[in-house]
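Geometric and topological summary
The primary structure of each chain is shown beneath.
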Amino acid sequence: MTYPEVLTNAREVMGGKCKACPVCNGKACSNHIPGPGAKGVGDTAIRNYDKWQDIRVNMDTICESDAPDTGLEIFGKQFAYPFFVGPVGAVTQHYGDKYDDMAYNNIMVKACADNGIAAFTGDGLNAEVMKGACKAIGACEGVGVPTVKPWNMDTIREKMELVKESGCFAVAMDIDAAGLPFLKGMNPPAGSKTVEQLKEIAQMAGVPFIVKGVMTVKGALKAKEAGAAGIVVSNHGGRVLDQCPATAEVLADIVDALKGSGMKIFVDGGIRSGVDVFKALAIGADAVIICRPFVPAVYGGAEEGVKLLIDKIGGELADTMAMCGAKDLASIDRDMITVF
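Read on for a plain summary of the structure. (Residues numbered from 1 in each chain as written. Predicted model: local features only at pLDDT ≥ 70, side-chain atom pairs only at ≥ 80, totals over all residues. Heavy atoms only, no water.)

1. Here we look at the state of the cysteines
Evaluation of the coordinates by the stated rule reveals zero disulfides. Not engaged in a disulfide, the cysteine Cys-29 finds its nearest cysteine sulfur in Cys-24; these two sulfurs lie 6.2 Å apart. Since its relative accessible area comes to 10%, Cys-29 is described here as buried. No disulfide involves Cys-168; its nearest neighbouring cysteine sulfur is the one of Cys-134, lying 6.7 Å away. Residue classification places Cys-168 among the buried residues on the basis of a relative accessible area of 5%. (Disulfide = S-S within 2.5 Å. Buried < 20%, exposed > 50% of the residue type's maximum accessible area, 1.4 Å probe, protein only.)

2. Details of the packing of aromatic side chains
Applying the stated criterion across every chain yields a total of eight aromatic pairs. Summarising the aromatic geometry, the rings of Phe-79 and Phe-84 are spaced 5.0 Å apart at their centres and angled 80° between planes, so their arrangement reads as edge-to-face. Since its relative accessible area comes to 5%, Phe-79 is described here as buried. In this structure Phe-84 comes out as buried when scored by relative accessible area, which is 1%. Ring-pair connections join several aromatic residues into one group, and the members of that group are Phe-75, Phe-79, Phe-84, Phe-120, Phe-169 and Phe-266. (Phe/Tyr/Trp six-rings, centres within 6.5 Å; stacked < 30°, edge-to-face > 60°.)

3. Here's the deal with the side chain of Asp-123
Relative to the assigned elements, Asp-123 resides in the loop between β5 (120-121) and α5 (127-139). Accessibility expressed as a relative area gives 3% for Asp-123, which makes it buried. At a separation of 3.1 Å, a polar atom in the side chain of Asp-123 contacts the main-chain amide nitrogen of Lys-149. In this structure the side chain of Asp-123 is engaged in a polar contact, spanning 2.7 Å, whose partner is the side chain of Trp-151. (Helix = DSSP H or I, 4+ residues; strand = E, 2+ residues; numbered from the N terminus. Polar contact = N/O pair within 3.5 Å; in protein donor to acceptor, adjacent residues only side chain to side chain.)

4. Quick notes on the packing of helix α9 (residues 217-225) against helix α10 (residues 247-257)
Put simply, α9 and α10 touch, their axes get as near as 9 Å, and they point 40° apart. Between α9 and α10, the interaxial angle falls into the category oblique. For α9 against α10, the interelement crossing comes out right-handed. Between α9 and α10, the residues in contact are Val-217, Ala-220 and Leu-221 and Asp-253, Ile-254 and Ala-257, respectively. Looking at the contact of α9 with α10 residue by residue, the class counts come to five nonpolar, no polar and one charged. (Axes fitted to C-alpha atoms, helices over the stretch in contact; angles between N-to-C directions. Parallel < 35°, antiparallel > 145°, perpendicular 65-115°, else oblique. Left-handed = near helix turned anticlockwise from the far one by under 90°. Contact = heavy atoms within 4.5 Å. Nonpolar A, V, L, I, M, F, W, Y, C, P; charged D, E, K, R; others polar.)

5. As for the pairing of strand β7 (residues 171-174)
Going residue by residue along β7, you find Val-171 and Met-173 tucked away on one face and Ala-172 and Asp-174 tucked away on the opposite face as well. Of the strand pairs in this sheet, strand β6 (residues 145-148) and β7 are connected by two bridges, and their pairing is parallel. In the strand pairing of β7, Thr-147 is matched with Ala-172. Considered for its hand, the β-α-β crossover made up of β6, helix α6 (residues 153-166) and β7 is right-handed. Bridge count for β7 against strand β8 (residues 209-214) is four bridges, and the pairing is parallel. Across the sheet, the residue bridging to Ala-172 is Ile-210, located in β8. (Pairing = 2+ DSSP bridges. Right-handed = clockwise from strand over helix to strand, strands pointing away.)

Shown next, in the form of structure tokens:
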């Protein structure tokens, strides 16, 4: 099977909610919910993609010709590449009924672990989703990152018990999910969290705690104050609020503000290729999270589809590193990109 064949297969089973586009740029789905679009017009998702394309890489082949090392060590784990798969929830509602969340996570977690990276898993109103995700991560010796929604504190405590049982190497909370309409209907209400609440959550996690959904220097410093081990510069894929800047536009300032802090910086939003991964690392991210393109990879090819996409992105990254004179990830710096 080839990756284009995976996309063709996906279009036949995804019910039209996701078009399985050759380039996932947010334009075909824009404001479609249910579906991979946004609750607004979807301009932030489109901007996420476009702004990575405004960054260009600086070719330099006057260097050693050894194959570049794409390996990453983070939170005590070694990975083949500096990119991870992002969390997805309610896949039946948003993408099609071929899979439910449990089946989707089973495929994704194993395929990622088998191919040198890790998956962030989703969460949902159905308690079985987190149970299934943590079980899948446990079966892969903890290679996965459960992502807990910003529920009320009692629910978070219950979820964290499942997280601990999984043996995961880190846990995340997508605080940007506070903008999802279904969370606001909970009783007691879920949503935004204070620094003090995040401190409590970080302490109960028991493993490195990642705050996903940081878009400002102020937010990054709040996450640091709360004791987070890492952040994800993210606007929830542009799904929760129109008129946001793109993640590529705010990443550099956040990286500079956290320099020397020891916090790990991930970034997502519109990153679609190994060249885009290289750009994010050049700005200063430690790693990248890619989400939507992996959904049609599962729907169109299950574990084989995920492997094909991992290999594609990883190969693009290695090629870009070789053509820009980077022998390893530590060699990638801002001199290797130009921002227009």
